[in-house]
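Each chain, letter by letter, is given below.
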Amino acid sequence: MVEGEELQVLKGPPESQLEISVARRDGDRSHNSSRRSLRNNGGKGCVPILRRWLPILRWTLHYSRIDLLADMIAGVTLGLTMIPQSIAYATIAGLPSQYGLYAALVGSVVYAFLGTVKEVSIGPTSLMALLTYQYAANHPPQYVVVLAFTAGIVELLMGGARLGFLICLISEPVTSAFTSATALIIIGTQLRNLLGLPKPVTATADGGLFSTVLDVSRRYTEATVPDSSVGFACILLLVILQQLPKLVPASSQRWRRFACLLCGSNTGSAVPWKLSGKVEPGIPSFQLPTQDIVVGNVTISFFDIVADLGSGPVLVPLVAILANVAIGKAFSSGQPVDATQEMIALGLCNVIGSCFRSMPTTGAFTRSAVSHASGVRTPLSGFYSALLCLLALGILTPYFFYIPRATLAAVLIAAVTPMLDPSIVAKLWRAGFHYDLLVWCCCIALCLAAGIEIGLLGGMVVSMVQPLASFVWLRVECETIHERDQHFTYRLIRLQQGLLYPGVDRLRTLVLQEMHMHGATLPIVLDCCRMVLMDFTACRALDNLSKEVHRLGGNLLLRNVLPCWHERLALHETEHGLAFGTQAS
């Protein structure tokens, strides 16, 4: 029922007093009927619009107790995985640990309302943390908040413009190379924490994967035994547990005693390994990230911060959307993923999260796999994960101080190791996709050498060369055809896909070569049954080519031409095909 009809039902026709009295007598019945119409009408009214933009309204009407129990189990399991990961990812971004928990809390709640894929877990990820560090390193935390806000705005604009199809331009080899390079870079950045090495004094030693690995290899003798021991022990434990660590809840008093005993603080002795440091408890108040900040004696405006972030507000949302849609496709069981709605959901997660000092967020492969294995039913499981994050911010933050940095480094290394995909190299080579293998090599090399943003864009450009070349570069099939019933023999040239201006010269050369080899008396027929694209230059070139063939005593015909091109090419019917206006019929 459209809006005007809804108002008509509620108000009644004003010109008829009799109908008004009937409406008053049966008011309750008509009111209930109109409510049922609004609830059940799937194609009109405001309710379907709300269901379109709020997916939570689609499945809550059929939500059962079994769904509630399944989501609770999945949400708690996911929350136990999300808390240590969020703390670790915040350290990658160079932020205090609470920023990762802020992102996990807000992302889980917002996506429960707006998300379309039940397995997706929105929050901090290793990929977003690495990008955040690259753009906001050596800056105040407000830069990270502004980066999350601007990234969310860009994602909302892309969703509003329905640009979800852009994700299709990124091929599988590019995605694989990008994620593998990101995993390698994260592993490289965590080697110092794993071994207990201090950060280098010079900036050049912290400029990328190769410089980091070279610096660690030179200073490995400075590694501390306690940090190395606890780090490698945690990696071994995580591998044994298949990267799904189960954190056993414990009372605060027992955990305090265990932490004090583990860190040696009960005796006043020095802590044998580097700790995470103090974590600010509680939830920050709502604050728009567009306010100016003061660093020292200098006031930095919001627009100055955006300018300092460079290409971050554009690249970060692009990578976030890529990761989120890829996860959605992986867990959608073959069903189509609403990329536009995912952009809107992700954009609001970042915009609202930035108002609570959140770092940039997106979906996480590892957490989504945990959610899927836990039997999640709906996105409502994010509420239970958010409750655990809220509990961690309210009660457990004093104990995060005692987490060794080597432990967080081990968690990160174990989490990103499955992102490495070296097996795709052998698959591409054995299957004969040699150009895709070249794309993979170019992308991962650029990511490691020039940065992951340059590598992603470079991989996209290289991967698009092949499909563009198939349309731009002329491809044909030639054969001699003899039609016995019509006693007509001709040389057939079958055009593939399209004829654009770069292939015009090659077509002219080919036609003239065919005339020279087979004689001018043998007609040449261009079969356009597979040709779906043609530009203005190609139309003019075909007309000129037909005139040239005609002057040489030959005949150029066309077959299976789309009707829309008949007038453009000035074609007319002949006995054996379509001819140009300059040729004799």
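The structure displayed is predicted, hence computed values, not measured ones.

Participant: Is there a simple way to think about the nonpolar core in this case?
Facilitator: Soluble globular proteins tend to bury their nonpolar side chains together. In this structure, Leu131, Val319, Ile452 and Leu456 are the most contacted members of the largest nonpolar core, which totals 103 residues. With eleven residues, helix α15 (residues 312-331) is the largest single contributor of residues to this core. Structurally, this core is a two-domain feature, drawing no fewer than three residues from each of domain 1 (53-200 + 208-241 + 293-418) and domain 2 (419-472). Residues in contact with Val319, not counting those within four places in the same chain, are Leu127, Met128, Leu131, Phe178 and Leu456.

Participant: What am I meant to see in the UniProt feature "transmembrane region" (unreviewed entry) in the chain here?
Facilitator: Per the UniProt annotation, the sites labelled "transmembrane region" (unreviewed entry) are residues 72-92, 99-120, 140-158, 382-401, 407-425 and 437-462. Between the C-alpha atoms that bound residues 140-158 the distance is 28 Å, and the span itself is 95% helix and 0% strand. In residues 437-462, the share of helix is 96% and the share of strand is 0%. The end C-alpha atoms are 11 Å apart.

Participant: For this particular structure, what's the right way to read the pairing of strand β7 (residues 524-534)?
Facilitator: Each regular strand carries side chains that alternate between the two faces of the sheet. Looking at chain direction, strand β6 (residues 488-499) and β7 are connected through eight bridges and run parallel. Paired with Arg491 across the bridge in β7 is Ile524. Handedness of the crossover joining β6 and β7 through helix α23 (residues 504-518) is recorded here as right-handed. Where β7 lies against strand β8 (residues 556-559), four bridges are found, and the strand directions are parallel. Note on β8: the bridge partner recorded for Asp527 is Arg559.

Participant: Got a minute to help me understand the sheet that holds β8 in this structure?
Facilitator: Consider a sheet: its strands pair through backbone hydrogen bonds, and that pairing is either parallel or antiparallel. Across the sheet, which stays open at both edges, the six strands sit in the order β5-β6-β7-β8-β10-β9 with mixed pairing between neighbours. The outermost strands of the open sheet, each flanked by one partner alone, are β5 (476-483) and β9 (571-573). Geometrically, the sheet is characterised by an average inter-axis angle of 35° between neighbouring strands, direction not taken into account. Alignment of β5 against β6, held across eight bridges, turns out to be antiparallel. Among the inter-strand pairings, Glu479 is bridged to a residue of β6, identified as Leu492. Contacting β5, β6 and β7, α23 runs over the sheet at an angle of about 165° to β6.

Participant: Help me understand a nonpolar patch on the surface, please; the structure alone is not making it clear to me.
Facilitator: Together, Leu468, Phe471, Val472, Val532 and Leu533 make up an exposed nonpolar region whose accessible area comes to about 400 Å². Among the elements that line the nonpolar patch, the one with the most residues is helix α22 (residues 452-472), at three residues. By the secondary structure assignment, Val472 is in helix α22. On the basis of relative accessibility, which here comes to 30%, the residue Val472 falls in the partly exposed class.

The rules we used
Residues numbered from 1 in each chain as written. Predicted model: local features only at pLDDT ≥ 70, side-chain atom pairs only at ≥ 80, totals over all residues. Heavy atoms only, no water. Core = buried A, V, L, I, M, F, W, Y, C linked by side-chain atoms within 4.5 Å. Buried < 20%, exposed > 50% of the residue type's maximum accessible area, 1.4 Å probe, protein only. Helix = DSSP H or I, 4+ residues; strand = E, 2+ residues; numbered from the N terminus. Domains from an automatic or database assignment. Contact = heavy atoms within 4.5 Å. UniProt positions renumbered as here; feature names shortened; annotations may be inferred. Pairing = 2+ DSSP bridges. Right-handed = clockwise from strand over helix to strand, strands pointing away. Axes fitted to C-alpha atoms, helices over the stretch in contact; angles between N-to-C directions. Patch = residues over 30% accessible without salt bridge, like charges linked within 9 Å, V, L, I, M, F, W, Y side chains within 5 Å. Areas by Shrake-Rupley, 256 points an atom, 1.4 Å probe, with all protein chains shown as cover. Salt bridge = Lys/Arg side-chain N within 4 Å of Asp/Glu carboxyl O.

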